[in-house]
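Chain residues, written in single-letter form:
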Amino acid sequence: MAVLSVLDLSPVPEGSTAGQSLRNTLDLARHVERLGYHRYWLAEHHNMPGIASAATSVVIGHVAAGTSTIRVGAGGIMLPNHAPLVIAEQFGTLAALHPGRIDLGLGRAPGTDMLTARALRRNLEAGADNFPQDVVELMNYFQPAEPGQRVRAVPGEGEDVEVWVLGSSTYGAQLAAMLGLPYAFASHFAPAEMEHAIDIYRSRFQPSDRLAAPKLMLGLNVFAADTDGEARLLFSSLQQAFVNLRTGRPGKLPPPVENFEATLDPMAKGMLAGALSCAIVGSPATVRSGLDEFVRRTGADELMVTAQIFDHKARLRSFEILAEAHRELSQAA
């Protein structure tokens, strides 16, 4: 059975604040640590009122300091927004403070709109195109310094930081395979090329000093509740947020509404059906069967589960239900 981990976008619900969302993030991290989840990742997004994890390395430090065993990291850092040396120093510092627990997932997209990307003050002409070279440069900063090396990451050099390549297309799959790195595919919001990307990554993988065999993580939305109806209601918050984002109206996470899909036109329904097809929504029994089917179909080594649920207590409960379903499936296997 695939390992379970958590992707927390630190959602800001309507009527709440970023500060409360960050406190909820730490509470959820402690909760899933007790439940046995393997990792807890935060993601870099900018200019999004509904996501509080823009200063991703700062939030990672907050979570790592408030937990003790769960791995904590970025899913991911959008490398075109940063100089590789700066990220090496940030994550080298995190690894020095929390040895053996820090992950660094690297993405090629800006994690925002182009106007905001320009405000981040990186060269937009070269950023994404330089991604492979930037990944290699960044990893080299984690190596022990060479004699005479004039630019060093301190902290950073010699630190144990687990580096992943993230992607929502086949580009990341090819790069991860070529560099011999673990690969995380964003099937929780962009599943169209999932199967093709999986095939490319596994078939082209070249062993490296960091990894001997392919290691695949897939993003998955899981909205679990005591009944199917209650879970579908919770899921409507994400559906609303997705429609708002795709129509140029990003905002805070909306409260759930009954029968939201019935209010949509066919184009919006089709968009949601495609973008959120990797979602398990339902009661404990529904979650258990959906989880079993998804793992059997994909052969994923690890699932990075996300749940943008409006009510924090309902979100805690959702991850409890998923953990129990995972235990039952693992025991049966």
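Overview of the structure. Quick caveat: nothing in here was measured; it's all calculated off a predicted structure.

A closer look at the overall build of the protein chain
The secondary structure content of the protein chain amounts to 11 helices and nine strands. Radius of gyration (C-alpha) of the protein chain: 19 Å, near the 20 Å computed for a compact globule of 333 residues. Along the longest, intermediate and shortest principal axes, the C-alpha atoms of the protein chain span 65 × 45 × 40 Å. The buried share of the protein chain, reckoned over its 333 residues, is 53%. The long-range fraction of contacts in the protein chain, counting pairs at least 24 apart against all pairs at least 6 apart in sequence, stands at 74%. Counting only carbon and sulfur atoms, one obtains 53% of the accessible surface of the protein chain, whose full area is about 14,600 Å². Within the protein chain, one finds 28 positive and 35 negative side-chain charges whose respective centroids are separated by 2 Å.

Digging into the environment of Ala119
Note on placement: Ala119 falls in helix α4 (residues 114-119). Separated by 38 residues in the primary sequence, Ala119 and Asn81 have C-alpha atoms spaced 9.8 Å apart.

Section: the pairing of strand β4 (residues 102-107)
Along β4, six of the six residues are buried, which leaves the element largely enclosed by surrounding structure. On β4, burial covers both faces: Ile102, Leu104 and Leu106 on one face and Asp103, Gly105 and Gly107 on the other are all buried. Traced from strand β3 (residues 71-78) through helix α3 (residues 84-97) to β4, the parallel crossover comes out right-handed.

So, the pairing of strand β7 (residues 216-224)
In terms of burial, β7 is a largely internal element, nine of the nine residues being buried. Along β7, one buried face is formed by Leu216, Leu218, Leu220, Val222 and Ala224 and the opposite face, lined by Met217, Gly219, Asn221 and Phe223, is buried too. As paired strands, strand β6 (residues 183-185) and β7 are joined by three bridges and run parallel to one another. Among the inter-strand pairings, Phe185 is bridged to a residue of β7, identified as Leu218. With five bridges joining them, β7 and strand β9 (residues 302-306) adopt parallel strand pairing.

Notes on the packing of helix α6 (residues 170-179) against helix α7 (residues 194-204)
Contact geometry of α6 with α7 gives a least axis separation of 8 Å together with a crossing angle of 15°. With respect to each other, α6 and α7 are oriented roughly parallel. Crossing hand, α6 versus α7: right-handed. In this structure, α6 contributes Thr170, Ala173, Gln174, Ala176 and Ala177 to the contact, and α7 contributes His196, Ala197, Ile200, Tyr201 and Arg204. Tallied by class, the residues present in the contact of α6 with α7 amount to six nonpolar, three polar and one charged.

What about the pattern of salt bridges?
Enumeration according to the criterion identifies 15 salt bridges in this entry. With a shortest N-O distance of 3.8 Å, Glu162 and Arg71 are connected by a salt bridge. Of this pair, Glu162 sits in strand β5 (residues 162-167) while Arg71 sits in strand β3, placing them 91 residues apart in sequence. We classify Glu162 as partly exposed; its relative accessible area is 21%. Of the residues examined, Arg71 reaches a relative accessible area of 13% and is grouped as buried. Glu320 is paired through a salt bridge with Arg317; the nearest N and O atoms lie 3.3 Å apart. Residue Glu320 and its partner Arg317 are both found in helix α11 (residues 312-332); the two are separated by three residues, about one turn of the helix. Salt bridges sharing partners connect three or more residues here, namely Arg39, Arg71, Asp103, Glu162, Lys215 and Glu302.

Section: the nonpolar core
Core analysis: the largest hydrophobic core is formed by 89 residues, its most contacted members being Phe91, Leu104 and Leu303. By residue number, the principal contributor to this core is α11, which donates eight residues. Not counting residues within four places of it along the chain, the set of residues in contact with Phe91 comprises Ser57, Ile60, Ala74, Ile77, Ile102, Asp103, Leu104, Phe142 and Val161. Ala43, Ile51, Ala184 and Met217 belong to the second-largest nonpolar core, a separate cluster that totals 10 residues.

A few points about α7
Those residues of α7 not exposed but buried are Met194, Ala197, Ile198, Ile200 and Tyr201. Buried positions in α7, seen along its axis, are confined to an arc of 165° and lie on one side of it. Opposite the packed face of α7, turned more than 90 degrees from it, sit the exposed residues Glu195 and Ser203. Contact partners of the buried residues in α7: α6, β6, β7 and α10 (284-298).

Cut-offs used in this document
- Residues numbered from 1 in each chain as written.
- Predicted model: local features only at pLDDT ≥ 70, side-chain atom pairs only at ≥ 80, totals over all residues.
- Heavy atoms only, no water.
- Helix = DSSP H or I, 4+ residues; strand = E, 2+ residues; numbered from the N terminus.
- Rg over C-alpha atoms; globule rule 2.2 N^0.38 Å.
- Buried < 20%, exposed > 50% of the residue type's maximum accessible area, 1.4 Å probe, protein only.
- Contact = heavy atoms within 4.5 Å.
- Areas by Shrake-Rupley, 256 points an atom, 1.4 Å probe, with all protein chains shown as cover.
- Lys, Arg positive; Asp, Glu negative; His and termini not counted.
- Charge placed at Lys NZ, Arg CZ, Asp CG, Glu CD.
- Right-handed = clockwise from strand over helix to strand, strands pointing away.
- Pairing = 2+ DSSP bridges.
- Axes fitted to C-alpha atoms, helices over the stretch in contact; angles between N-to-C directions.
- Parallel < 35°, antiparallel > 145°, perpendicular 65-115°, else oblique.
- Left-handed = near helix turned anticlockwise from the far one by under 90°.
- Nonpolar A, V, L, I, M, F, W, Y, C, P; charged D, E, K, R; others polar.
- Salt bridge = Lys/Arg side-chain N within 4 Å of Asp/Glu carboxyl O.
- Core = buried A, V, L, I, M, F, W, Y, C linked by side-chain atoms within 4.5 Å.
- Arc of directions from axis to C-beta.

Everything listed here is a matter of coordinates, which is why it stays silent on function.
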